Amino acid sequence: MTALKRFPAWGLSVLVLLWAGAADAATLRLAWDANTEPNIGGYVLYYGPQSGSYIASVNVGNQTTHQFTNLINGTPYYFVVRAYNTSGAMSAPSAEVSRRVGVPFSVAGDFTGDRRSDIGIFRPVSGHWFVLGSTNAYTWGAATDIPVPGDYDGDTRMDVAVFRPATGVWYILKSSTTTSVQYTWGGSTDTPVPGDYDGDGKTDIAVFRPATGTWYIFRIGTGTTLQYSWGGSIDTAAPGDYDGDGRTDPAVFRPSTGRWYILRSNTSSGIEYSWGAAGDTAVQADYDGDGKTDVAVFRPTTGAWYIFNVGSGTSVQYSWGGSIDVPVPADYDGDGKADIAVFRAATGSWYRLNSSNGLSSTTTFGGAGDVPIL
């Protein structure tokens, strides 16, 4: 009984997704922090196709990595790890991580294919795209266009793309073939909300129509459509993969009340969060690397970031940036977690706080009138 009583006091392991295989190989590798207690016996990974429901497990012994090779392509999996001591007592589970396996997985803002978000800007006055460190320069779009980069061709690299509200046309330059394609989808009052709504590894064409609260989605992979009624005219569209099933969920942030309304694709049910206030900017992203988009806001008046980690139910706060800055959170350091970052157009400065080591960095790229492309 003594060992069982003391065991829950052990530090919980932190589970991290290291790598997911390509579409033809449902391979996924996990790693976790080792427990520091001297009588560790080993670790057990629990997993299943639904969040919080783990129908299978594997005892991996006293090691802190494991590679799965027998998972089903196209299926989302949810994982936790538990440690056990030499007496057989089990620790509490780690925080859950998730990933849809066997499909391409791109990093937002990664134009070069190195699994890191790139610093880049769209210059509306000339229609030029510039990506730091890339030898490619593109002239794509016009002054009235909205940049909508995404992995439309499923090659894990961002494609240069714009949405033209005046005509509802999307112009996409595919990185895999350097050929272009265009779609007519949406209109002048719509907000573009591209995302992977069906989990096939390709960004889908989508718009949110505030006047009616309707989401119109064209799935590029299948040529089929989806439509949802979610939100309204006072809401800001905030799509993301909040349930970790590899599909983008329709979601809105209501600044007037600080409420988030999320339609989860894995259960087709809604969930609400009270997080933020009037004047805040929604900055949803995966800040803890668990495969789930976190609810978050940036408060320009104070430069404060308030982040609620959806998977673990914990929160964190940062002070970074100010009223003249544009928040640009993304995984610049390649650790699987979004970094706190802002773009200051007046000086062309990017200020970043790396999640991997807590260090800050400043990069000058772009200037007044430029739009960050993330």
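Residues numbered from 1 in each chain as written. Predicted model: local features only at pLDDT ≥ 70, side-chain atom pairs only at ≥ 80, totals over all residues. Heavy atoms only, no water.

*Asks:* Looking at this structure, how should I read the overall build of the protein?
*Replies:* Each helix and strand in the protein was counted, giving one helix and 31 strands. C-alpha extents for the protein along the principal axes are approximately 70 × 45 × 45 Å. When burial is assessed residue by residue, the protein has 49% of its 374 residues classed as buried. Entry remark: accessible area of the protein is about 16,000 Å², with carbon and sulfur atoms responsible for 52%. (Helix = DSSP H or I, 4+ residues; strand = E, 2+ residues; numbered from the N terminus. Buried < 20%, exposed > 50% of the residue type's maximum accessible area, 1.4 Å probe, protein only. Areas by Shrake-Rupley, 256 points an atom, 1.4 Å probe, with all protein chains shown as cover.)

*Asks:* Would you take a moment to explain the pairing of strand β18 (residues 224–229) for this structure?
*Replies:* A regular strand places its side chains so that they alternate between the two faces of the sheet. Taken together, the six bridges between strand β17 (residues 214–219) and β18 define a ladder with antiparallel strand orientation. For phenylalanine 218, the partnering residue across the bridge sits in β18 and is threonine 225. The hairpin formed by β17 and β18 contains four residues between the paired strands, and glycine 223 there has a positive phi angle of roughly 75°. (Pairing = 2+ DSSP bridges.)

*Asks:* What is the right way to read the environment of threonine 65 from this model?
*Replies:* Note that threonine 65 resides in strand β5 (residues 65–68). For threonine 65, a relative accessible area of 28% gives the class partly exposed. Discounting chain neighbours no more than four positions away, the residues touching threonine 65 are Arg29, Leu30, Ala31 and Trp32. (Contact = heavy atoms within 4.5 Å.)

*Asks:* Explain the sheet that holds strand β29 (residues 349–353) here, please?
*Replies:* Through backbone hydrogen bonds, the strands of a sheet pair up, either in parallel or in antiparallel fashion. Across the sheet, which stays open at both edges, the four strands sit in the order β27-β28-β29-β30 with antiparallel pairing between neighbours. The sheet is open, and its two borders are formed by β27 (326–327) and β30 (360–364), each paired with just one other strand. The pairing of β29 with β30 spans five bridges and is antiparallel. Within β30, the residue paired with serine 349 across the bridge is threonine 364.

*Asks:* Would you mind going over the pairing of strand β16 (residues 205–209) with me for this structure?
*Replies:* Across the five residues of β16, four count as buried, placing the element largely inside the fold. Where strand β15 (residues 191–192) and β16 come together, two bridges link them in antiparallel fashion. Paired with proline 192 across the strands is valine 207, a residue of β16. Here β16 runs beside β17; their pairing, made up of five bridges, is antiparallel. Across the sheet, the residue bridging to alanine 206 is isoleucine 217, located in β17. The hairpin formed by β16 and β17 contains four residues between the paired strands, and glycine 213 there has a positive phi angle of roughly 70°.

*Asks:* Looking at this structure, I do not really get the sheet that holds strand β13 (residues 169–173). What am I missing?
*Replies:* With respect to topology, four strands assemble into an open sheet ordered β11-β12-β13-β14, the strand pairing being antiparallel. Where the open sheet ends on each side, the last strands, each with one partner, are β11 (146–147) and β14 (180–184). Pairing geometry for strand β12 (residues 160–164) and β13, over five bridges, is antiparallel. For arginine 164, the partnering residue across the bridge sits in β13 and is valine 169.

*Asks:* Looking at this model, I keep getting lost on the nonpolar core. Mind explaining?
*Replies:* Soluble globular proteins tend to pack their nonpolar side chains together in the buried interior. Counting residues in hydrophobic clusters, the biggest one holds 16 residues, and the most contacted among them are Leu30, Trp32, Tyr43, Leu45, Phe68, Leu71 and Phe79. Mapped by element, the contributors of at least two residues to this core are β2 (28–32), β3 (40–48) and β6 (76–85). Formed by 12 residues, the second largest nonpolar core is a distinct cluster that contains Ala285, Phe298, Ile307 and Trp320. (Core = buried A, V, L, I, M, F, W, Y, C linked by side-chain atoms within 4.5 Å.)

*Asks:* Can you walk me through the confidence of the model for the protein in this structure?
*Replies:* Detailed reading of the predicted coordinates is not advisable wherever pLDDT falls low. Across the protein, the average pLDDT comes to 92, with 93% of residues at 70 or higher. With pLDDT under 50 throughout, residues 1–12 is counted as low confidence; its partners more than four residues away or in other chains account for 21 contacts. Across residues 18–24, where pLDDT falls below 50, the model places 18 contacts with residues more than four positions away in sequence or in other chains. (pLDDT = per-residue confidence, 0-100.)

*Asks:* Would you mind showing me how to read unusual backbone geometry here?
*Replies:* With the exception of glycine, the majority of residues adopt a negative phi angle, and the majority of peptide bonds are in the trans configuration. The phi torsion at threonine 156 lies on the positive side, around 70°, for a residue other than glycine. Secondary-structure assignment places threonine 156 in the loop between β11 and β12. Residue threonine 156 is classed as partly exposed on the basis of its relative accessible area of 24%. With a phi angle near 55°, serine 268 is a residue other than glycine that sits in the positive phi range. With respect to the helices, strands and loops of the structure, serine 268 is situated in the loop between β21 (259–264) and β22 (269–274).

*Asks:* How do you make sense of the environment of glycine 41 when you look at a structure like this?
*Replies:* Locating glycine 41 in the fold gives a position in strand β3. Note on glycine 41: relative accessible area 26%, which makes it partly exposed. The spacing of glycine 41 and glycine 313 is 272 residues in sequence and 29 Å in space, taken between C-alpha atoms. In contact with glycine 41, other than residues within four places in its own chain, are Gly61, Asn62, Tyr84, Asn85 and Thr86.

*Asks:* Just to check I follow, could you spell out the packing of aromatic side chains for this structure?
*Replies:* Aromatic ring pairs are described here by two measures, namely the spacing of the ring centres and the angle between the planes. Under the defined criterion, the tally for this structure stands at 17 aromatic pairs. Ring centres 5.3 Å apart and planes at 50° place the aromatic pair phenylalanine 298 and tryptophan 305 in the tilted group. The class for phenylalanine 298 is buried, based on a relative accessible area of 0%. The rings of Tyr47, Phe68, Tyr77 and Phe79 are connected pair by pair, giving a single aromatic cluster. Between the NZ or CZ atom of arginine 99 and the centre of the ring of phenylalanine 105, over which it lies, the distance is 3.9 Å. (Phe/Tyr/Trp six-rings, centres within 6.5 Å; stacked < 30°, edge-to-face > 60°. Lys NZ or Arg CZ within 6 Å of the ring centre and 35° of its normal.)

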